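Summary of structural features
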Amino acid sequence: MKYINGQKWSLSRLFKRLAKDNVGATPTQYGSRNLPATVQSVAFVFTFFIAASGQAQQNPIPSPGFRPEPPSFHVFENARVVVSSELALDHASLALKDGVILGVNLPDEKLTGARKWDMSGKTIYPGWIDLWSSDSSSGGSGGDAFDLEADHDHPWDAELTAGVKYQSLQFYGAPGQETDPGVAGAGYESPMTRSEVRQAEQIRPDNGFFRQRRESGFAALNWVPDQGVFRGTSALVLLSEGDPNQWILKSDTFQTLSFRRTRGSWNRTSFPGSMMGVVALIRQTWVDAQHDLEMWSQYQEDPQLYPRPVFNPSLRALHAAVNRETTLLVEPGNELMTFRASQLAEELGWDWILVSRGQDWRRPDFLKDAGTPVILPVDFPEAPKIKDDAGWDEVSLETLQAWDWAPRNPAMVHEMGIPFAFTMNGVNSAKVFRKNLRLAIENGLPEEEAIRALTETPAKLAGVSSQLGTLERGKIANLVIVHGSTYFQEDNPIHSVWVEGRLFEMDLKGTDKKQSADEDAAGESKDAAVVAENESIEAPDSADADSDQTFYASSPLESRGPVATPKSVLLTNAEIWTSAAAGKLEQASVLVVDGKIAWVGEGHPGEEWTRGIEGLETWDLEGKSLTPGLIDAHSHGMIYGGVNESTLPSSAMVRIADVVNSESRNIELQLAGGLTVANLLHGSANPIGGQSQVIKLKDGADPDELKIESAPDGIKFALGENVKQSNWGDDNTSRFPQTRMGVETFIANRFTAARTYLEQQKQYLAAGKMGVGPRRNLELEAIAEILEGDRWIHCHSYRQDEILMLTRLMDKFGVRIGTFQHVLEGYKVADEIAAHGAGASTFSDWWAYKFEVYDAIAYAGSLMHERGALVSFNSDSSDVARRMNLEAAKAVKYGDTSEVEALKFVTINPAIQLGISDRTGSIEVGKDADFAVWSGNPLDTRSMCLQTWIDGALYFSRESHEKKIQNRIEERLALIQKVKGPEKADANDSGDPSEEGVERFWAIEAESRTTLEYTCREGHQH
């Protein structure tokens, strides 16, 4: 309170009086000479208050226990100063003041008043930067990792009926009727899209986590969100302590995206529940964000002409990424999905950085084709001590290859010319982190590249090169100081880490002291004597058990791909089963030129056919049989991340094409059985499942090279017990539909919705594309393709009544069904199936494995064939797919079908069902040279497949395969010996391996051994 003219005035009263007395005054009238006397008094007091406040801020009253500020002007003398990855100065000095670097080797007159540190025998680096970090237990990569052959045994139902969570994912028969998503506040319809999250608003100080990272030399890290698929924006922070406002350097560095779905607090039944669902969510979210951006731009141009768009914070947060103003950090989860991420980046127009899992050596071509910078982990696996040979019998070659290759991965990435930054993610020990960096250098990575990957590259990628990354004038004083001449020897202790000029001193074990030296009032190091004693520590001899540079692990690609690729070849003297009008030919020949069949017939082609063909090879097949390559019309064998997106009753937006597993060992195994083509189908957990993909088994090719692009697009439907959840367990009763009549209603519902969607698109086109077009709905888009005849239905079915239901329902919509799959009661309605024009792809002799197939019989295939239906036998099993020739033989055994016709069940008939009979399925001129060579009659149980050819290239040869197996045995034994170390020494006798490294070793072992079989016979989901 103040007294003015005998009155008591508070500050608030002074403000009110000042405002009242100056109503209408112009700015020029506010000079003190123009103010009324009362107002002048008020202004004087106001000035007094302001001056007193400013004085208090400049000279705050010290609090109890106050310690004076530590010196902020430092000079480090006689040090080895690594200014950048390309410049290191010996016996140099480095000056910093007020948290900023002043320069290197400055003259003495500029260093007056600085505290001087003798750094003899020490090396100073720029502080390390980590671009992919989190303090969560997941290490910034939280979520379910999908194995290359993923588990899918859990019946994940979706809570999608009225009154429960995630209601916007219901289906109403027409688009635009979505309700609230069911999560707090506005947001996207899937809780896995959380792009509106800003990590800068959620960061909480964690001194323990920061301390752990500083112990490895990090002074800054990019803190990433760790929940969801689209996870939100990361924040670059300095690893200091105290107020987050002070150590956040950049608030929105990247938008983060992970293919590793996270559950966290989300219901595990929410979409997506598979890898193909994750990709579908990414694609739909992105196109929604593009549409949202267009809608808001249009609305802002003319709010009166265009309707106000719905506000969606998740989509709004992606506008910058859509405009390529923000870079995406993308974590695919493994090398296979690295390929898919690069394809999505091209499709959707991303500016992105790849977050690797560190096993790029498995498919370096995928990494190179991605064409983007990479964040590399160094969580190398360490082999545990296994003292007896029986224990080593449990370790696979793939695991040993991963162990041998892991330290070589950084050098390989460097040699490919790809910019990369290191991350400590996955490593929870400073000692292991430094040890692994040293191993990377010993395995070919230049030390200057390791420095660049910890400093300049991450600074450049994060857009902070003007502040971090080198020890240049004007940059933030982030330093890591080590005893000795190099950081990259874990036995050289870290002396200290400086964060924006603040000292965090380490003890000789490399851990933060409980109290930093900058908090010492005297400003002196508490361990000066100890430090002095250790000033001359140098890097010890690194020759130990880890430095064995003999590499035994081959690149996985070395043993893959075609065995032979003759430009032209003549195969003679074979018994040829053409699966065409020519039937079976004796002592016949096939001429292949440029991957196509140029001539086929008995005897040999005349000179007029072979004249002028350069480099023609002749292969004698005397006593052997040649058939078209076998075709499996129903396979789940080469699908990654689950065969079902079972969270929704319609998953038409998911695509098997996104998860074709080119790395599956099933390709090799099925080639050995003469299989050349497989139709990869979504599972049968939904009335309307995902889009299918027809592939050729070209071992070693990338996922898109496996695809037969000319094959008509397909989609999986399903009927029966699976889709109404009657065999999922008693707790799975929440998802619509729950009855067979509900299934019919639901399918009709979605087709009606798709028809409406098509009409909206046509109206927009008819109006001349005025304004922004309708929102793309990828689920309805796929169903609309069925209505227009561009996508074929392959429907899982058993009972006759349901088969008839779907044919009649599709007749109403003008749709012809491509095939009924399994169709075990199809023999009862064979005439109706034939009349509709559908194919029947059935099992040869599976029955009674669940209630709805009790009427299945082994004669079904032959009976339907006799009634005019187009019949094929399928495997629905990665194991059965290796013996499809014997499945065909069962038509002879059970149904008295002729051998020639029975072989067609696994050759030309499935080719017709899949729309590829113009290219493959029979031995005819002009078709692809896809065929198998057998030791005898292909339907004889004693016959073996000797060769498998695809597009005129030999992809399997039994002779070469036996050599490959022997090479694998020898490679595995050599790797085991390398792990064990020198003769008579146990593995890792130099010390126990780290717990994290051993866990990583066995995690790779578990992944490499996961070879689950997918069948519709076993379980509800297929």
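Our structure's up above, just so we're on the same page.
Below, the structure is looked at part by part. (Residues numbered from 1 in each chain as written. Predicted model: local features only at pLDDT ≥ 70, side-chain atom pairs only at ≥ 80, totals over all residues. Heavy atoms only, no water.)

**Overview of the overall build of the protein chain**
For clarity, the cut-off: Only DSSP runs of H or I reaching four residues or more are called helices, and only runs of E reaching two or more are called strands; each is numbered from the N terminus. The rule is simple: take the accessible area with a 1.4 Å probe, protein chains only, and divide by the maximum for that residue type; under 20% is buried, over 50% is exposed, in between is partly exposed.
Tallying secondary structure elements over the protein chain gives 30 helices and 36 strands in all. Sorting the 1022 residues of the protein chain into buried and exposed places 58% on the buried side.

**A look at the packing of helix H21 (residues 740-766) against helix H23 (residues 800-812)**
Put simply, the rule is: Fitted lines through C-alpha atoms serve as axes, helices being fitted only where they are in contact, and the angles separating the N-to-C directions of these axes extend from 0 to 180 degrees. Here the word oblique covers every angle except those under 35 degrees (roughly parallel), over 145 (roughly antiparallel) and from 65 to 115 (roughly perpendicular). Note on convention: the crossing is left-handed when the near helix lies turned anticlockwise from the far helix by less than a right angle, right-handed when the turn is clockwise. The contact criterion used throughout is that any non-hydrogen atoms of two residues lie within 4.5 Å.
In contact at an axis separation of 11 Å, H21 and H23 are set at 20° when each is read in the N-to-C sense. In this view, H21 runs roughly parallel relative to H23, as classed from their interaxial angle. Where H21 crosses over H23, the handedness of that crossing is right-handed. Residues Arg740, Glu744, Ile747, Ala748, Phe751 and Arg755 of H21 form the contact with H23, whose own contacting residues are Glu802, Met805, Leu806, Leu809, Met810 and Lys812.

**Here's the deal with the side chain of Thr676**
Within the secondary structure, Thr676 sits in strand S27 (residues 675-680). Its relative accessible area of 0% is what places Thr676 among the buried residues. Look past the residues within four positions of Thr676 in its chain and what remains in contact with it is Gly629, Leu630, Ile695, Lys696, Leu697, Asp930, Thr948, Trp949 and Ile950.

**Some details on the pattern of salt bridges**
A side chain with one charge can pair with a side chain of the opposite charge if their charged atoms come near. This is how it is decided: Whenever Lys or Arg places a side-chain nitrogen within 4 Å of a carboxyl oxygen from Asp or Glu, that contact is recorded as a salt bridge.
What the rule picks out here adds up to 54 salt bridges. Between Glu901 and Lys904 there is a salt bridge, and its shortest N-O distance comes to 3.0 Å. With Glu901 and Lys904 both in helix H27 (residues 899-904) and three residues apart, the pair spans about one turn of that helix. Through salt bridges with shared partners, a single ionic network connects Lys596, Lys696, Lys698, Arg919, Asp928, Asp930 and Asp951.

**What to know about empty space enclosed by the protein**
Basically, it comes down to this: Cavity and pocket criteria rest on a 1 Å grid covering protein atoms alone: a 1.4 Å probe that fits but cannot get out defines a cavity, protein on both sides within 12 Å along at least 5 of 7 lines defines an open pocket, and an atom within 4 Å of a point defines a lining residue. Grid points are joined across faces, edges and corners, and a volume is the space filled by probe spheres set on the points. Think of it as three bins: nonpolar holds Ala, Val, Leu, Ile, Met, Phe, Trp, Tyr, Cys and Pro, charged holds Asp, Glu, Lys and Arg, and polar takes everything else, Gly as well.
Evaluation of the coordinates by the stated rule reveals nine cavities of 30 Å³ or more. Taken as a whole, the second largest cavity spans an internal volume of roughly 80 Å³. Gly561, Val563, Glu668, Leu671, Asp699, Tyr955, Phe956, Ser957, Ser960, His961 and Lys964 are the residues that line the second largest cavity. Listed by contribution, the elements that provide at least two residues to the lining of the second largest cavity are helix H19 (666-671), strand S36 (953-957) and helix H29 (958-980). Partitioned by chemical class, the residues of the lining of the second largest cavity number four nonpolar, four polar and three charged.

**Looking at H29**
Worth spelling out the cut-off: Given the number of residues in a helix, its expected span is that number minus one, multiplied by 1.5 Å.
Under the 1.5 Å per step criterion, the end-to-end length of H29 is 33 Å for 23 residues, consistent within 8% with the ideal 33 Å. Taken together, the buried positions of H29 are His961, Lys964, Glu971, Arg972, Leu975, Ile976, Lys978, Val979 and Lys980. Looking at the packing, one finds that the buried side of H29 touches helix H11 (389-392), helix H12 (397-405), H19 and S36. After H29 finishes, the residue Gly981 shows a positive phi value of roughly 95°.

**Looking at the nonpolar core**
Worth spelling out the cut-off: Throughout, nonpolar core names a set of buried Ala, Val, Leu, Ile, Met, Phe, Trp, Tyr and Cys residues whose side chains join them through atoms within 4.5 Å.
Ranked by size, the top nonpolar core spans 207 residues in total, and within it Phe259, Trp350, Phe422, Ile747, Phe751, Ile793 and Met810 carry the most contacts. No other element matches helix H6 (residues 275-301), which puts 10 residues into this core. Apart from residues no more than four positions distant in its own chain, Trp350 is found in contact with Leu257, Ile282, Trp286, Arg324, Leu328, Val330, Ala341, Leu344 and Ala345. The next biggest cluster of nonpolar side chains, apart from the first, holds 18 residues, and it includes Val590, Ile597, Leu626 and Ala929.

**Quick notes on the pairing of strand S16 (residues 374-377)**
Going by this rule: If DSSP finds at least two bridges between two strands, the strands pair. Whether a crossover is right-handed depends on one test, that the path from the first strand over the helix to the second runs clockwise when the strands point away from the viewer.
Alternating residues of S16 divide into Val374 and Leu376 and Ile375 and Pro377, and every residue in both groups is buried. Looking at chain direction, strand S15 (residues 352-355) and S16 are connected through two bridges and run parallel. For Leu354, the partnering residue across the bridge sits in S16 and is Val374. One crossover worth recording links S15 to the parallel S16 by way of helix H10 (residues 364-370), and it is right-handed. For S16 and strand S17 (residues 420-423), the ladder comprises four bridges, and the chain directions are parallel. Its bridge partner being in S17, Ile375 is matched across the sheet by Ala421.

**Here we look at the environment of Leu479**
Residue position: Leu479 is located in strand S18 (residues 479-483). When its relative accessible area of 0% is taken as the criterion, Leu479 is described as buried. Considered as a pair, Leu479 and Leu503 are 24 residues apart in the sequence and their alpha carbons are 9.1 Å apart. The residues contacting Leu479, other than those within four sequence positions of it, are Phe76, Leu94, Leu96, Ile124, Tyr125, Pro126, Gly127, Leu471, Ser496, Val497 and Trp498.

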